[in-house]
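Listed below are the residues making up each chain.
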Amino acid sequence: MISVIIPVYKEAENIAPISSEVSRVLSSAGFKHEIILVDDNSKDGTKKICASLVKTLPLKLIIRKKNKGLAPSVIKGIENAAYDIIIVMDADFSHPPSALPKIINALLKDKADFVIGSRYIKGGAIDKNWGFFRRINSKAATLLAKPLTKVKDPMSGFFCFYKKNMPDKKILSPVGYKICLEIITKGNFLNIKEIPIHFTDRSQGKSKFGLKEQFNFILHLIKLYLFLYPNIKQFMLFSAVGASGFVIDLSVYIGLQKLFNVNHILARGLSFWAAASSNWALNRKITFKTKTKSSKLKQWASFLIASLLGFSANFGIYYLLTGYVPFFKKHLIAAFIIGISFGLFINFILSASFVFKKKMMREKLRN
Ligand SMILES: Nc1nc2c(ncn2[C@@H]2O[C@H](COP(=O)(O)OP(=O)(O)O)[C@@H](O)[C@H]2O)c(=O)[nH]1
Ligand SMILES: [Mg+2]
């Protein structure tokens, strides 16, 4: 038994044809079904058309009045689904209804737990009228999502899964268009299968995908990256703090010599303490927001040790590369940067795992 969710916004021309075609295909394949249209209050006659369609088709119309958007509409539709298999597809015939039986059977017979109608696997295709810009745009979006999933077409809006596997609403953050990517990133799917489809551009109505959605996609990607890799955020803050430390280090090093006539070796030794202490204080406040006031001194001392170890790695790598690798003998700056990167990384790992460990609020960082 299948619940087909179709988000519809200003799709008056498409509603009757898509609903009857989906219903015809599913009936002839022997699937009991319902079709849930989720509208964002289009005011284009959608309500009236549906009132007449419900007489002959297993159709429900949901009209939303708040938080307009494709992703929240799809989620609303899924929440209201009566059956255990969910299909999501567009209203504009971009997703061929004829592919439905194959997609459902992949779930039922091939033991997949998530099935995608895919444009980017063998046998699949995008519309041949897509211009250069649209092709590049779609490919670039897919590439940006590579670290999130192995799926070839995670941007597809045509997919199928068991309702019971829908990720908890609390962890969903539906922004923009890419709801399939959202669900597969946050859900626990072990066997995602892609079925080739020929994607065709709409012949009726207008696309609602514009610049705003492109921008939303970037926001969405950032959210998904932070969800999967919560430490990225900390690492970025840690690096920014490290950069501020570098400025302090250099200023104190030069200032002590110029203003107080301090010997350069002593200045070097002292500036490290100033920079590392400032880094510690900032990391405590910003990167690893601490809750307790417990033993600052101990934490400060362990941060200094972590910094010294990070610096030793930094210095050691610089020393080895420039001493033994011919390429780096000629490119000292490259060795310098590699050294700093390793040092920073080691310092981060030590700080996150030991120095600020008990006070990290991992769960908070996920949101
Ligand atoms: N409920 C709802 N549906 C939407 C919204 N934006 C787009 N849709 C539907 O989502 C599907 C895909 O949108 P479309 O404009 O065709 O995007 P494109 O295929 O990327 O050009 C269509 O069925 C639209 O009617 C929205 O804000 N709310
Ligand atoms: Mg479309």
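Each value, and the rule that gives it
Residues numbered from 1 in each chain as written. Chains lettered and ligands numbered in written order. Predicted model: local features only at pLDDT ≥ 70, side-chain atom pairs only at ≥ 80, totals over all residues. Heavy atoms only, no water. Helix = DSSP H or I, 4+ residues; strand = E, 2+ residues; numbered from the N terminus. Contact = heavy atoms within 4.5 Å. Buried < 20%, exposed > 50% of the residue type's maximum accessible area, 1.4 Å probe, protein only. Polar contact = N/O pair within 3.5 Å; in protein donor to acceptor, adjacent residues only side chain to side chain. Near = heavy atom within 4 Å. Areas by Shrake-Rupley, 256 points an atom, 1.4 Å probe, with all protein chains shown as cover. 1 Å grid on protein atoms, 1.4 Å probe; cavity = no way out; pocket = protein on both sides within 12 Å on 5 of 7 lines; lining within 4 Å. Sits in = over half its atoms within 2 Å of the grid points. Nonpolar A, V, L, I, M, F, W, Y, C, P; charged D, E, K, R; others polar. Expected span 1.5 Å × (residues − 1). Arc of directions from axis to C-beta. Salt bridge = Lys/Arg side-chain N within 4 Å of Asp/Glu carboxyl O. Points joined across faces, edges and corners; volume = space filled by probe spheres on them. Domains from an automatic or database assignment.

Peer 1: Quick rundown of the environment of Lys223? Include the residues and the values.
Peer 2: As for its placement among the helices and strands, Lys223 is situated in helix α7 (residues 211-228). Once the C-alpha coordinates of Lys223 and Ala91 are considered, the two residues, 132 residues apart in sequence, prove to be 27 Å apart. With sequence-adjacent residues up to four places away left out, Lys223 is seen in contact with Ser173 and Val175.

Peer 1: Before we move on, could you go through the side chain of Thr142 and cite the residues and values that matter?
Peer 2: Here Thr142 lies in helix α5 (residues 132-144). Accessibility expressed as a relative area gives 9% for Thr142, which makes it buried. Of note is the side chain of Thr142, whose polar atom sits 2.7 Å from the backbone oxygen of Ser138. Once residues within four sequence positions are removed from consideration, Thr142 is found in contact with Tyr120, Lys152, Pro154 and Met155.

Peer 1: Lay out the site of ligand 1 in plain terms, naming residues and giving numbers.
Peer 2: Close contacts around ligand 1 come from 18 residues, with Glu11, Asp40, Arg202, Ser207 and Lys208 the closest. Note that an oxygen atom of ligand 1 is positioned 2.8 Å from one of the side-chain N or O atoms of Asp92. Contacts to ligand 1 include Arg202, whose side-chain N or O atom sits 2.7 Å from an oxygen atom. In the complex, 93% of the free accessible area of ligand 1, which totals 580 Å², lies under the protein chains. Here ligand 1 is seated within the largest pocket. Every element with two or more residues in the shell around ligand 1 is listed here: β1 (2-8) and α3 (70-79). The residue inventory of the shell around ligand 1, partitioned by class, reads eight nonpolar, three polar and seven charged.

Peer 1: Describe α7, naming the residues involved and giving the relevant values.
Peer 2: With 18 residues, α7 should cover 26 Å at 1.5 Å per step; its first-to-last C-alpha distance of 26 Å lies within 8% of that length. Of all the positions in α7, only Glu213, Asn216, Phe217, His220, Leu221, Leu224 and Phe227 are classed as buried. Along the axis of α7, the buried residues cluster in a sector spanning 150 degrees; they form a single face. Facing away from the buried side of α7 by more than 90 degrees, the exposed set consists of Leu211 and Phe215.

Peer 1: Now, about the pattern of salt bridges: what can you tell me, with residues and values included?
Peer 2: Note that side chains of opposite charge can pair when their charged atoms are close. Enumeration over the complete set of coordinates arrives at twelve salt bridges. Put simply, Glu11, Asp92, Arg202 and Lys208 are held in one network by salt bridges that share partners.

Peer 1: Before we move on, can you summarise the layout of surface pockets with the specific residues and values?
Peer 2: One number sums up the size of the largest pocket: a volume of about 1100 Å³. Lining the largest pocket are 50 residues, with Leu70, Tyr177, Lys178, Ser207 and Phe209 sitting closest to its centre. Those elements that provide at least two residues to the lining of the largest pocket are β1, α3, α5 and α7. Looking at the lining of the largest pocket, the element that brings in the most residues is α5, giving seven residues. Looking at the lining of the largest pocket, its residues break down into 24 nonpolar, 13 polar and 13 charged. Reported here for the second largest pocket is a volume of approximately 950 Å³. Forming the walls of the second largest pocket are 30 residues, and the residues nearest its centre are Phe246, Asp249, Arg268, Phe311 and Asn314. At the level of secondary structure, the elements contributing two or more residues to the lining of the second largest pocket comprise α8 (231-260), α9 (264-287), α10 (296-324) and α12 (332-355). It is α8 that provides the largest number of residues to the lining of the second largest pocket, a total of ten residues.

Peer 1: Go over the domain arrangement of the protein chain, please, and point to the residues and values.
Peer 2: Along its sequence, the protein chain is carved into domain 1 (2-228) and domain 2 (231-365). A C-alpha centroid distance of 47 Å is found between domain 1 and domain 2.

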